[in-house]
Amino acid sequence: MSPAQNPLEFRITSGDLIAELISRAPRTGANEGGFPGLMIYRFEEPAAPVWEEVSELHLCVIAQGRKRITMDGTDHFYDPFTYLAVPNDVPFQTVILEASPEKPFLSFGLQIDPGLVREVSADILEERRVAAFAEPASQENPAFFSALDRDMMDAILRFLRSLKSPTDRRVLAPTYLKEIVYRALQAGQYSRLVERAASESARNPVSAVIAYAKEHLAEPLTVGELAGQAHMSPSAFSHLFRDVTGKSPYQFVKELRLNRARELLVENTSTITQISRAVGYGSASHFINEFRDRYGASPRAFGAAQAGLLKQAL
């Protein structure tokens, strides 16, 4: 914990996180977290060693209790004052050391999209061009630990609380998830996280295609074109894409377009027609109808509401 932090405030926030996880983990073991890639764990007694391996980059946070992770023959301990990022395809052994019915072990694991890591890291790099960022990460410790400070704790709490409402989960949760990645990148783990995300993307054609789609939203983006980016047939690519994301390529790209349109409306620097073209809609009326179906308001009404909120804040 940073010396600049108020210990009392940190304990209060830590208590809020414990309460939030208890409410979301009614049973011992693994509990679905209500968001893709989020699992919440609760144990009421120490557990025997278990070998695990994740298929994607994960952020792991303990709110209560203590755990040991053994990776490449080295023991690492973490507790409510630290969190760690676990890379994909690296086997590790876990042991829960502290847990009881009165004070259960509570933690969560959150899958991190490598595309989001690259997006946030690019923004950081624009502001902080430091030579050290370009240095290769050390291979001595494939998992990396950081102090769980107040800023990261607040971002995690906002993310978890946004999952209570379907609208908040759809609109706010992605923003808070982006903040969590930003805090992790700022916590001295920039080069390691970026390297892991890059290596994962190289092995995952779906992640690479999603990154491509985000950069080419103004273009048609047919299934055939996306499949070509993955060097797969359209049929095989569509099956793989649905297995990985739970959605068809068409549905996923439509959500990317509408999410980006929402961001542009918040920025309030373009007309509705300009925004519709910027996110790949040839017809403004088609864009308006699909935006209303997703967000319950027309783009114009949504933009006016956001402008009103900004005016109140000022």
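Residues numbered from 1 in each chain as written. Predicted model: local features only at pLDDT ≥ 70, side-chain atom pairs only at ≥ 80, totals over all residues. Heavy atoms only, no water.

A.B. asks: Describe the packing of aromatic side chains, listing the residues and the values that go with them.
C.D. replies: In the structure shown here, the tally under the stated rule is nine aromatic pairs. Seen in terms of ring centroids, Phe291 and Phe302 are 5.6 Å apart; in terms of plane orientation they differ by 75°. Their pairing is edge-to-face. You can see Phe291 sitting in helix α12 (residues 284-295) and its partner Phe302 sitting in helix α13 (residues 299-313), a full 11 residues away along the chain. As far as burial versus exposure is concerned, Phe291 and Phe302 are alike and both buried. The rings of Tyr281, Phe287, Phe291, Tyr295 and Phe302 are connected pair by pair, giving a single aromatic cluster. (Phe/Tyr/Trp six-rings, centres within 6.5 Å; stacked < 30°, edge-to-face > 60°. Helix = DSSP H or I, 4+ residues; strand = E, 2+ residues; numbered from the N terminus. Buried < 20%, exposed > 50% of the residue type's maximum accessible area, 1.4 Å probe, protein only.)

A.B. asks: Account for the pairing of strand β8 (residues 92-98), with residues named and values stated.
C.D. replies: In terms of burial, β8 is largely enclosed, as five of its seven residues are buried. Direction of pairing for strand β3 (residues 50-52) relative to β8: antiparallel, over a ladder of three bridges. Bridging from a neighbouring strand, Glu52 pairs with Phe92 of β8. (Pairing = 2+ DSSP bridges.)

A.B. asks: Report on the packing of helix α3 (residues 150-161) against helix α5 (residues 173-186), specifying residues and quantitative values.
C.D. replies: Following both chains from N to C, one finds α3 and α5 inclined at 160°, their axes separated by 9 Å at the closest point. One element, α3, and the other, α5, form an angle in the roughly antiparallel class. At the point where α3 passes α5, the crossing takes the left-handed sense. Contact residues: α3 offers Asp151, Met152, Ala155, Ile156, Arg158 and Phe159, while α5 offers Ala173, Tyr176, Leu177, Glu179, Ile180, Arg183 and Ala184. Within the contact of α3 with α5, the residues separate by chemical class into nine nonpolar, no polar and four charged. (Axes fitted to C-alpha atoms, helices over the stretch in contact; angles between N-to-C directions. Parallel < 35°, antiparallel > 145°, perpendicular 65-115°, else oblique. Left-handed = near helix turned anticlockwise from the far one by under 90°. Contact = heavy atoms within 4.5 Å. Nonpolar A, V, L, I, M, F, W, Y, C, P; charged D, E, K, R; others polar.)

A.B. asks: Lay out the environment of Glu20 with the relevant residues and their values.
C.D. replies: The residue Glu20 is located in helix α1 (residues 7-24) in this model. Each C-alpha atom of the pair Glu20 and Leu160 lies 7.5 Å from the other, and the pair is 140 residues apart in sequence. Each residue touching Glu20, except ones within four places of it in the same chain, is listed here: Leu157, Leu160, Arg161 and Lys164.

A.B. asks: Quick one: what's the story with the pattern of salt bridges, residue by residue and with numbers?
C.D. replies: With the rule as written, the count across this model stands at 13 salt bridges. As a salt-bridge pair, Arg42 and Glu44 come within 3.4 Å of each other at their nearest N and O atoms. Under the relative-accessibility criterion, Glu44 is labelled partly exposed at 29%. For Arg260, the salt bridge is made with Glu267, and the minimal N-O distance between the two is 3.8 Å. Judged by its relative accessible area of 45%, Glu267 is partly exposed. (Salt bridge = Lys/Arg side-chain N within 4 Å of Asp/Glu carboxyl O.)

A.B. asks: Lay out the layout of surface pockets with the relevant residues and their values.
C.D. replies: Here the second largest pocket is characterised by a volume of approximately 430 Å³. A total of five residues in the lining of the second largest pocket trace back to one element, the largest contributor, which is strand β9 (residues 105-111). Of the residues that constitute the lining of the second largest pocket, the class distribution is 17 nonpolar, six polar and two charged. (1 Å grid on protein atoms, 1.4 Å probe; cavity = no way out; pocket = protein on both sides within 12 Å on 5 of 7 lines; lining within 4 Å. Points joined across faces, edges and corners; volume = space filled by probe spheres on them.)

A.B. asks: Break down the sheet that holds β8 for me, citing the residues and quoting the values.
C.D. replies: Pairing within the open sheet is antiparallel, and its four strands lie in the order β3-β8-β5-β6. Bordering the open sheet on either side are β3 and β6 (74-78), each of which pairs with just one other strand. Taking the axes of each pair of neighbouring strands and ignoring which way they run, one obtains an average angle of 30° across the sheet.

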